[in-house]
Amino acid sequence: MIDPTPSTTRRGTTDAAGVPASAVVPAGRRPFAAAFRALVALAALTGIVLDTIDSDDLGRLFSYFTIQSNILVAITFAWAAHRAWTARPALSPRITGAALLYISITGLVFHFVLSNDSSGFAMTSERTPLESIANQLLHTVTPLTAALDWLLLTAPGGFLLRHAAQWLVYPLLYLPFALVRGALLDPGTEGRYPYPFLDVDLHGYDGIATNAVTFGLAFYALALTLLLLDRVRPHLHASRNRISPTGSGPLK
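Nothing here was measured: the structure is a model prediction, and the numbers come from that model.

Caption draft 1: Structural detail: the environment of Pro196. With respect to the secondary-structure elements, Pro196 resides in the loop between α7 (169–184) and α8 (200–232). Sequence separation between Pro196 and Ile208 is twelve residues; the distance between their C-alpha atoms is 9.7 Å. In this structure Pro196 touches Leu114, Phe121, Ala122, Met123, Leu202 and His203, once residues within four positions along its chain are discounted.

Caption draft 2: Just a nonpolar patch on the surface, in detail. A contiguous nonpolar surface patch, about 330 Å² in accessible area, is contributed by Leu45, Val49, Ile53 and Leu130. No other element matches helix α1 (residues 31–54), which puts three residues into the nonpolar patch.

Caption draft 3: Highlighting the side chain of Arg83. In this structure, Arg83 sits in helix α3 (residues 65–85). For the buried Arg83, which has no salt bridge, the nearest side chain bearing the opposite charge is Asp149, at an N-O separation of 13 Å. Beyond its immediate stretch of four places on either side in the chain, Arg83 contacts Arg30, Arg88, Pro89, Ala90 and Leu91.

Caption draft 4: Broad picture of the nonpolar core. Ranked by internal contacts, the top residues of the largest apolar core, which has 45 residues, are Leu101, Tyr195 and Phe197. With ten residues, helix α4 (residues 93–114) is the largest single contributor of residues to this core.

Caption draft 5: Structural detail: the pattern of salt bridges. Applying the stated criterion to the full structure yields four salt bridges. Close ionic contact of Arg60 with Glu190 constitutes a salt bridge, the shortest N to O distance being 3.3 Å. Placement of Arg60 in helix α2 (residues 58–61) and of Glu190 in the loop between α7 and α8 is noted, with a sequence separation of 130 residues between them. The salt bridge partner of Arg233 is Asp230, with a shortest N-O separation of 3.1 Å. Judged by its relative accessible area of 10%, Arg233 falls in the buried class. Overall, the relative accessible area of 0% leaves Asp230 in the buried class.

Caption draft 6: Up close: the confidence of the model for the protein. This prediction gives the protein a mean pLDDT of 86; 83% of its residues lie at or above 70. Across residues 1–26, confidence stays below pLDDT 50; counting only partners more than four residues off in sequence or on other chains, it has 18 contacts.

Caption draft 7: A look at α3. Across its 21 residues, α3 extends 30 Å between first and last C-alpha, which sits within 8% of the 30 Å expected from 1.5 Å per residue. Immediately beyond the C-terminal end of α3, within one or two residues, lies Ala87, with a positive phi of roughly 65°.

Caption draft 8: Up close: the packing of α3 against helix α5 (residues 129–152). At a closest axis distance of 11 Å, the pairing of α3 and α5 adopts a crossing angle of 40°. Classified by the angle between their axes, α3 and α5 sit oblique to one another. Crossing handedness for the pair α3 and α5: left-handed. Every residue of α5 that contacts α3 at Thr66, Ile67, Asn70 and Phe77 is listed here: Leu138, His139, Thr142, Ala146 and Asp149. Of the residues in the contact of α3 with α5, the class split is four nonpolar, four polar and one charged.

Caption draft 9: Quick look at the environment of Gly158. With respect to the helices, strands and loops of the structure, Gly158 is situated in the loop between α5 and α6 (161–167). Here Gly158 falls in the buried class, since its relative accessible area comes to 9%. In sequence terms Gly158 and Pro93 are 65 residues apart; their C-alpha atoms lie 5.7 Å from each other.

Caption draft 10: Local environment of the packing of aromatic side chains. The tally for this structure, following the rule as stated, stands at twelve aromatic pairs. Their ring planes at 85° and their centres at 5.5 Å tell us that Phe65 and Tyr174 sit as a pair that is edge-to-face. Note that Phe65 is positioned in helix α3 and Tyr174 in helix α7, a separation of 109 residues in sequence. In this pair, the class of Phe65 matches that of Tyr174, namely buried. Ring centres 5.0 Å apart and planes at 80° place the aromatic pair Phe159 and Trp167 in the edge-to-face group.

What counts and what doesn't
Residues numbered from 1 in each chain as written. Predicted model: local features only at pLDDT ≥ 70, side-chain atom pairs only at ≥ 80, totals over all residues. Heavy atoms only, no water. Helix = DSSP H or I, 4+ residues; strand = E, 2+ residues; numbered from the N terminus. Contact = heavy atoms within 4.5 Å. Patch = residues over 30% accessible without salt bridge, like charges linked within 9 Å, V, L, I, M, F, W, Y side chains within 5 Å. Areas by Shrake-Rupley, 256 points an atom, 1.4 Å probe, with all protein chains shown as cover. Salt bridge = Lys/Arg side-chain N within 4 Å of Asp/Glu carboxyl O. Buried < 20%, exposed > 50% of the residue type's maximum accessible area, 1.4 Å probe, protein only. Lys, Arg positive; Asp, Glu negative; His and termini not counted. Core = buried A, V, L, I, M, F, W, Y, C linked by side-chain atoms within 4.5 Å. pLDDT = per-residue confidence, 0-100. Expected span 1.5 Å × (residues − 1). Axes fitted to C-alpha atoms, helices over the stretch in contact; angles between N-to-C directions. Parallel < 35°, antiparallel > 145°, perpendicular 65-115°, else oblique. Left-handed = near helix turned anticlockwise from the far one by under 90°. Nonpolar A, V, L, I, M, F, W, Y, C, P; charged D, E, K, R; others polar. Phe/Tyr/Trp six-rings, centres within 6.5 Å; stacked < 30°, edge-to-face > 60°.

Next comes the structure, spelled out in structure tokens:
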């Protein structure tokens, strides 16, 4: 039977079982972090909604890694905002680190590959005003704000080496998803393959395999870079209202 009497154990002491009080006293509410994370989730959701309104092919739209990664960001940050606001334990670094990696991939690939005419994989076209706003929200705003949350509002040291390999499961599964979807569509269908570097018609399966290995290694290097930065970045000695506890919190 649970004892309804509130605990009076103070921080810096131990309970009868020898467990430090700091391990059982719940963290305080973090309204600043909650508000910021709610805004990140809102930015991702707004970008998705604007793209949905302007799209005449929702199947094609939701096949993009950009949309899928922003959906994950919207869910993760909304969940994390709720936990910060209600003083509940923060999300696992495995979950939040995955969201950070995926949205970082979205931003970096867009700005350095898809928007770069010299990359050989550029995707440039005329955009409507709604598409332009959505494009900036999904490819620029959410990656930058997710990184800021990790750097400024979360204590360092949560990432583990095994996380880097675990995070790659989704990008690796995205490859057969994109190829099978393209194979099921008629040749010449617009957007048959979501990205030029996955276009079998342009590169053949041998070329796609080469591209997949190249991008896969780059993504793993990015994951290891995030892990390294998480180990060496300084701990910001801010109030509990702002910083999530060590080893937990969005985008650790």
